[in-house]
Amino acid sequence: MATVKTADGNRNTMWGGRFAAGPDAIMEAINASIGFDRRLYAQDIAGSRAHAAMLAAAGILSDSDAAAIGEGLLTVLSEIEGGQFAFRTDLEDIHLNVENRLTEIVGEAGKRLHTARSRNDQVATDFRLWVRDQCDQAVEAIRALQRALVDQADAGADWVMPGFTHLQTAQPVTWGHYMLAYVEMLGRDAGRFADARARMNECPLGAAALAGTSFPIDRAMTAAALGFDRPMANSIDAVSDRDFALEYLGAASICAMHLSRFAEELVIWSSAQFRFVRLSDRFTTGSSIMPQKKNPDAAELIRAKVGRILGGTVALFTVMKGLPLAYSKDMQEDKEQVFDAADALMLALAAMTGMVRDMAANTGALRAAAASGFSTATDLADWLVREAGLPFREAHHVTGRIVGLAEARGCDLPEVPLADMQAVHGAITSAVFGVLGVDNSVASRTSLGGTAPMRVREQVAAWRERLA
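Below: a short report on this structure. Treat the numbers as computed from the prediction; the structure is a model and nothing was measured. (Residues numbered from 1 in each chain as written. Predicted model: local features only at pLDDT ≥ 70, side-chain atom pairs only at ≥ 80, totals over all residues. Heavy atoms only, no water.)

**A word on helix α20 (residues 453-467)**
Every α-helix winds through 3.6 residues per turn, so residues three or four apart in the chain are directed the same way. The end-to-end C-alpha distance of α20, which contains 15 residues, comes to 21 Å, matching closely the 21 Å that a straight helix rising 1.5 Å per residue would cover. Buried within α20 are the following residues: Pro453, Val456, Val460, Trp463 and Leu467. Viewed along the axis of α20, the buried residues span an arc of 80°, placing them on a single side of the element. Across from the buried face of α20, at angles greater than 90 degrees, the exposed residues are Glu465 and Arg466. (Helix = DSSP H or I, 4+ residues; strand = E, 2+ residues; numbered from the N terminus. Expected span 1.5 Å × (residues − 1). Buried < 20%, exposed > 50% of the residue type's maximum accessible area, 1.4 Å probe, protein only. Arc of directions from axis to C-beta.)

Next comes the structure, spelled out in structure tokens:
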């Protein structure tokens, strides 16, 4: 592609035929995207190689030119990956940087590559390919974290711990059941990325600027070469659509929110007040002034990542919400948020996986906490319904009075004398003590999806099979 020098000496690398003067330095700075869209180099080169092969197959480009272009693009790829490529801001973006270097390498043939396409469909294709790759990488990283959580669940299928509502002790649950709750959440996250990937797997290439092209191109050929299911059906939509990026950001935001929730629990659980878990030295830091400190910094930083990922989601929605069809330069602002969100998400997933693999549960502290706060009160109420025939609302009231007795005595429910319980309700027998221990409590929760160790082990086996 020829560089046009204008009377004032400024260079105009692409549209000099229309303009008499080159761009102001500020215009060049705001217009250029090479500072960030260079990350699309592999996708851009793959798309260009597919496009050149199609042009040759359609008789639009000679076989010799197509072969030269294909080899030249591989040379460009090698230069970029080897750190030998000089990116130029005056060439604006990754597309023009690659094409300019290609022309330097292969000569006139390089100028023919842009036949029957526009930067509009080119960038839409490149970006879609990149986001598609990120969906695959997110699913892979999520699966690694799920496997780590399943290992924890397997080890602690019968470790008793408190379950919480309102961050108050509610009922005893098992460590394995707790870990599997996050496995389920992450499974939905992986499903969202997979669904988004399936929906975005249509090829914009061949839409040209917005109206298609008069050249006899074969869009199905390029779509297949790039691993797409089909070409996009409408050329205006093809260059205008950024739903795929928004869907990715939406899935990333939900996933990051789940990671943040677990990170919050790890921050609380690793505190001196809880001592539920011990995080490894590999994922904690010390204090510059307090030598006793072991700070859960990795968890805290994961907790913060959702802010920038959700912020990127809001930013792109804001960019897109008022744009008329088809392409507007506003859409150049579609990438940095996605790049940043993808980097943040992958780092958070990797860090969380490392923490989960390394963390050790303090089973003694977990058991002690599970037995506190009258956590088996619901078991007592259920026993009154099941064995004494009380309506649940009456059983709830009776249990509440017995909890009050225990609180007044400064003891837990299993330590309340039978006579005192019978004074509240005469139908209570010594058999009630069989349901008041935390082990009995969790073992009794055998309903589908319950916390009983047998159910946990069933789910561990099911998830191991799914994740194999």
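**Digging into the environment of Val403**
Structurally, Val403 is set in helix α16 (residues 392-409). The spacing of Val403 and Val416 is 13 residues in sequence and 9.0 Å in space, taken between C-alpha atoms. Contacts of Val403, omitting those with residues within four sequence positions, involve Phe374, Ala377 and Leu413. (Contact = heavy atoms within 4.5 Å.)

**Digging into empty space enclosed by the protein**
Under the definition given, this model contains two cavities of 30 Å³ or more. Along its surface, the largest cavity is lined by Leu145, Leu149, Tyr182, Leu186, His258, Leu259, Phe262 and Met352. Elements that contribute at least two residues to the lining of the largest cavity include exactly α7 (119-155), α8 (175-200) and α11 (243-269). Looking at which element gives the most residues to the lining of the largest cavity, the answer is α11, with three residues. A class-by-class count of the residues in the lining of the largest cavity yields seven nonpolar, one polar and no charged. Space inside the second largest cavity adds up to approximately 30 Å³. (1 Å grid on protein atoms, 1.4 Å probe; cavity = no way out; pocket = protein on both sides within 12 Å on 5 of 7 lines; lining within 4 Å. Points joined across faces, edges and corners; volume = space filled by probe spheres on them. Nonpolar A, V, L, I, M, F, W, Y, C, P; charged D, E, K, R; others polar.)

**Brief notes about the pairing of strand β4 (residues 168-174)**
Inspection of the sheet shows strand β3 (residues 160-165) paired to β4 by six bridges, in the antiparallel sense. Bridged to Gly163 within β4 is Gln171. Connecting β3 to the next strand, β4, in antiparallel fashion are two residues, including His166 with a positive phi near 55°. (Pairing = 2+ DSSP bridges.)

**A short note on unusual backbone geometry**
Residue Leu325 is joined to Ala326 through a cis peptide bond whose omega torsion reads 10°. Here Ala326 shows up in the loop between α12 (297-320) and α13 (336-358). A positive phi angle is found at His166, which is not glycine, with a value near 55°. Tracing the sequence through the fold places His166 in the loop between β3 and β4. With a relative accessible area of 76%, His166 lands in the exposed category.

**Points about the environment of Trp463**
Topologically, Trp463 is positioned in helix α20. Expressed as a C-alpha distance, the spacing of Trp463 and Val183, which sit 280 residues apart in the sequence, is 8.5 Å. Trp463 has contacts with Arg143, Gln146, Val150, Leu180, Val183, Glu184 and Gly187, leaving out every residue within four places of it along the chain.

**Some words on the pattern of salt bridges**
In the structure shown here, the tally under the stated rule is 28 salt bridges. Between Asp241 and Arg128 there is a salt bridge whose closest N-O contact spans 2.5 Å. You can see Asp241 sitting in the loop between α10 (235-240) and α11 and its partner Arg128 sitting in helix α7, a full 113 residues away along the chain. Using a relative accessible area of 2% as the deciding quantity, one classes Arg128 as buried. The closest approach of N and O atoms between Arg409 and Asp420, which form a salt bridge, is 2.4 Å. (Salt bridge = Lys/Arg side-chain N within 4 Å of Asp/Glu carboxyl O.)

**Quick word on the layout of surface pockets**
Put simply, the largest pocket is a space of about 310 Å³. Lining of the largest pocket is provided by 13 residues; of these, Ser270, Ser271, Ala272, Lys294 and Asn295 occupy positions nearest its centre. Its residues assigned to classes, the lining of the largest pocket shows five nonpolar, five polar and three charged. The computed volume of the second largest pocket comes to approximately 210 Å³. Those elements giving two or more residues to the lining of the second largest pocket turn out to be α8 and α11. Sort the elements by how many residues they give to the lining of the second largest pocket and α8 lands first, with five residues.

**Section: the side chain of Ser240**
With respect to the secondary-structure elements, Ser240 resides in helix α10. A residue is classified by how much of its surface remains accessible, and Ser240, at 8% relative accessible area, is buried. A polar atom in the side chain of Ser240 sits 3.5 Å from the backbone oxygen of Ala326. (Polar contact = N/O pair within 3.5 Å; in protein donor to acceptor, adjacent residues only side chain to side chain.)

**Structural notes on the packing of α7 against α8**
Interhelical geometry of α7 versus α8 gives an angle of 165° and a closest axis separation of 9 Å. Put simply, α7 runs roughly antiparallel to α8. Our pair here, α7 against α8, has a crossing hand that is left-handed. (Axes fitted to C-alpha atoms, helices over the stretch in contact; angles between N-to-C directions. Parallel < 35°, antiparallel > 145°, perpendicular 65-115°, else oblique. Left-handed = near helix turned anticlockwise from the far one by under 90°.)

**Looking at the packing of α8 against α11**
One way to put it is that α8 packs onto α11 with a least axis distance of 8 Å and a crossing angle of 165°. Considering their axes alone, α8 and α11 lie roughly antiparallel with respect to each other. Considering the relative orientation of α8 and α11, their crossing is left-handed. Among the residues making up the contact of α8 with α11, the classes are represented as 18 nonpolar, one polar and six charged.

Structural measurements only, silent on function.
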